Amino acid sequence: MPVKATHATLLAGRDAVYDPRAQQGSVPVEFHFDDGSTLDGALILTSAELERLYAQTSRLLVAHEHPLGGTS
């Protein structure tokens, strides 16, 4: 049975880059597998996917800053 990826985390010390010619961004990540191994890779996103990810992470940050039941 093949090893399955469980999640990915941002690679420390590496920054995302945008390639205007390809109109895509690359985010360095580390893939974690259910056997405990890891593998460096990249999350490649189109401009539309970058916008969607920005909207989603912005909502997460707002939720973090203003937890349910907290004060504004």
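Quick look at the structure, then. (Residues numbered from 1 in each chain as written. Predicted model: local features only at pLDDT ≥ 70, side-chain atom pairs only at ≥ 80, totals over all residues. Heavy atoms only, no water.)

### Topic: the overall build of the protein chain
- Along the protein chain, the regular secondary structure elements total 1 helix and 4 strands.
- Mapped in sequence order, the helices and strands of the protein chain form the string β-β-β-β-α.
- In terms of overall dimensions, the protein chain has C-alpha extents of about 45 × 35 × 25 Å along its principal axes.
- Among the 72 residues that make up the protein chain, the fraction classed as buried is 10%.
- Partitioning the contacts of the protein chain with sequence separation of at least 6, the portion at a separation of at least 24 is 25%.
- Here the protein chain carries 5 positive and 9 negative side-chain charges, and the mean point of each set is 6 Å from the other. (Helix = DSSP H or I, 4+ residues; strand = E, 2+ residues; numbered from the N terminus. Buried < 20%, exposed > 50% of the residue type's maximum accessible area, 1.4 Å probe, protein only. Contact = heavy atoms within 4.5 Å. Lys, Arg positive; Asp, Glu negative; His and termini not counted. Charge placed at Lys NZ, Arg CZ, Asp CG, Glu CD.)

### A short note on the side chain of His32
- Its place among the elements puts His32 in strand E3 (residues 24-33).
- Judged by relative accessible area, which is 17%, His32 ranks as buried.
- A distance of 2.9 Å separates a polar atom in the side chain of His32 from a polar atom in the side chain of Thr9.
- Discounting chain neighbours no more than four positions away, the residues touching His32 are Lys4, Ala5, Thr6, His7, Ala8, Thr9, Ser37 and Thr38. (Polar contact = N/O pair within 3.5 Å; in protein donor to acceptor, adjacent residues only side chain to side chain.)

### Structural notes on the environment of Thr6
- Among the secondary structure elements, Thr6 is positioned in strand E1 (residues 5-10).
- If near-sequence neighbours (up to four positions away) are discounted, Thr6 is found in contact with His32, Phe33 and Asp34.
- Engagement of the side chain of Thr6 in a polar contact is seen with the side chain of His7, the distance being 2.9 Å.

### Considerations on unusual backbone geometry
- Even without a glycine there, the phi angle at Gln23 is positive, about 55°.
- Along the polypeptide, Gln23 turns up in the loop between strand E2 (17-19) and E3.

### Points about the environment of His66
- As for its position among the elements, His66 is in the segment after helix H1 (47-65).
- In sequence terms His66 and Ala48 are 18 residues apart; their C-alpha atoms lie 27 Å from each other.

### Thoughts on the pairing of strand E4 (residues 38-46)
- Relative to E4, E3 runs antiparallel, the two being bridged by 9 bridges. By the bridge assignment, Ser26 is partnered in E4 with Ile44.
- Adjacent in sequence and paired antiparallel, E3 and E4 are bridged by 4 residues, among which Gly36 carries a positive phi angle near 95°. (Pairing = 2+ DSSP bridges.)

### Examining the environment of Gln23
- Residues Gln23 and Thr46, 23 residues apart in the sequence, show an inter-C-alpha distance of 6.3 Å.
- Gln23 has contacts with Tyr18, Leu45, Thr46 and Ser47, leaving out every residue within four places of it along the chain.

So yeah, pure geometry; function would need other evidence.
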